[in-house]
Amino acid sequence: KIQLLERYKIDNLIVVPFTKDFSELSAEEYVENFLLRNFNPKVIVIGYDHHFGKGRTGDINLLKKYQKTNNFEIELIQKEELEDITISSTKIRKALSKGDVQLAKDLMNHHYFIKGKVIKGKQIGRTIGFPTANLEIKEY
């Protein structure tokens, strides 16, 4: 995702580890103690069905309550569809888990890719005429 975002010349990107403590923040704590305190945003972009905070209780309506007193704009990303399929990260993950890389590509509007270091395996593929590359994938 970071490599894809580089296309858009983003000045700063912050990747926040999704820890147990972070996952237990209420929606209000997330807005007050994370978004507003750390970033003082001018614009918050949110998807049409995005929810946040413990129990997924926060949404655009909660952000609107904070908007008035914290002077930020909200930009809503509308629902997008491809051939009557609503595009979502859940549908992309399901397509990939089923091996439907073409559907995932169509939904993402770019090729799916993985990156890793080629490591030596048991070289079994060579014995059946299909040499393969074993990839060591790092979790981020």
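Digging into the overall build of the protein chain
Counting its regular elements, the protein chain contains seven helices and six strands. Computed over the C-alpha atoms, the radius of gyration of the protein chain is 20 Å, more than 25% above the 14 Å expected from 2.2 N^0.38 for a compact globule of 140 residues. Judged by the C-alpha coordinates and their principal axes, the protein chain covers about 65 × 35 × 30 Å. Counting only residues that meet the buried cut, the protein chain has 18% of its 140 residues in that class. Pairs at least 24 apart in sequence give 43% of the contacts found in the protein chain among residues at least 6 apart. Computed over 23 positive and 19 negative side-chain charges, the separation of the two mean positions in the protein chain equals 7 Å.

Focus on the packing of aromatic side chains
Aromatic ring pairs: the centre-centre distance and the angle between the two ring planes describe each pair. Scanning all chains against the criterion turns up six aromatic pairs. Each ring, one from Y30 and one from F34, has its centre 5.3 Å from the other, and the planes form 25°; the classification is stacked. With Y30 and F34 both in helix α3 (residues 27-39), this residue pair falls four residues apart, about one helical turn. Here the aromatic residues F18, F22, Y30, F34, F39 and F52 are joined through ring pairs into a cluster of three or more.

Description of the nonpolar core
Side chains of a nonpolar character, in soluble globular proteins, are inclined to be buried together. Formed by 15 residues in total, the largest nonpolar core has its most connected members in Y30, V31, L35, F52, L62, L63 and Y66. At the level of elements, α3, β1 (43-47) and α4 (60-70) are the ones that each hand at least two residues to this core. Residue contributions to this core peak at six residues, all from α3. The residues touching Y30, leaving out its near neighbours within four places in the chain, are F22, L25, L35 and F52.

Considerations on the pairing of strand β2 (residues 73-77)
As paired elements, β1 and β2 share five bridges and run parallel to each other. Looking across to β2, one finds that V45 is bridged to E75. Note on the crossover from β1 through α4 to β2: the handedness is right-handed.

Comments concerning the environment of G116
Position of G116 relative to the elements: it lies in the loop between α6 (101-108) and β5 (117-119). The contact partners of G116, leaving out residues within four places of it in the chain, are L135, E136 and I137.

Side note on the environment of Q67
Structurally, Q67 can be placed in helix α4. Classification of Q67 as partly exposed rests on a relative accessible area of 25%. A polar contact is formed between the side chain of Q67 and the backbone oxygen of F72, at a distance of 3.2 Å.

Some words on α3
Buried within α3 are the following residues: A27, Y30, V31, F34, L35 and L36. One side of α3 holds all its buried residues, which, seen down the axis, span an arc of 160°. Where α3 is buried, its residues meet α2 (20-23), β1 and α4. Among the residues trailing α3, N40 stands out with phi positive, at a value near 45°.

Comments concerning the environment of D100
Take D100: it is sitting in the loop between α5 (89-97) and α6. Since its relative accessible area comes to 34%, D100 is described here as partly exposed. In this structure the side chain of D100 is engaged in a polar contact, spanning 3.0 Å, whose partner is the backbone nitrogen of L103.

Calculation criteria
Residues numbered from 1 in each chain as written. Predicted model: local features only at pLDDT ≥ 70, side-chain atom pairs only at ≥ 80, totals over all residues. Heavy atoms only, no water. Helix = DSSP H or I, 4+ residues; strand = E, 2+ residues; numbered from the N terminus. Rg over C-alpha atoms; globule rule 2.2 N^0.38 Å. Buried < 20%, exposed > 50% of the residue type's maximum accessible area, 1.4 Å probe, protein only. Contact = heavy atoms within 4.5 Å. Lys, Arg positive; Asp, Glu negative; His and termini not counted. Charge placed at Lys NZ, Arg CZ, Asp CG, Glu CD. Phe/Tyr/Trp six-rings, centres within 6.5 Å; stacked < 30°, edge-to-face > 60°. Core = buried A, V, L, I, M, F, W, Y, C linked by side-chain atoms within 4.5 Å. Pairing = 2+ DSSP bridges. Right-handed = clockwise from strand over helix to strand, strands pointing away. Polar contact = N/O pair within 3.5 Å; in protein donor to acceptor, adjacent residues only side chain to side chain. Arc of directions from axis to C-beta.

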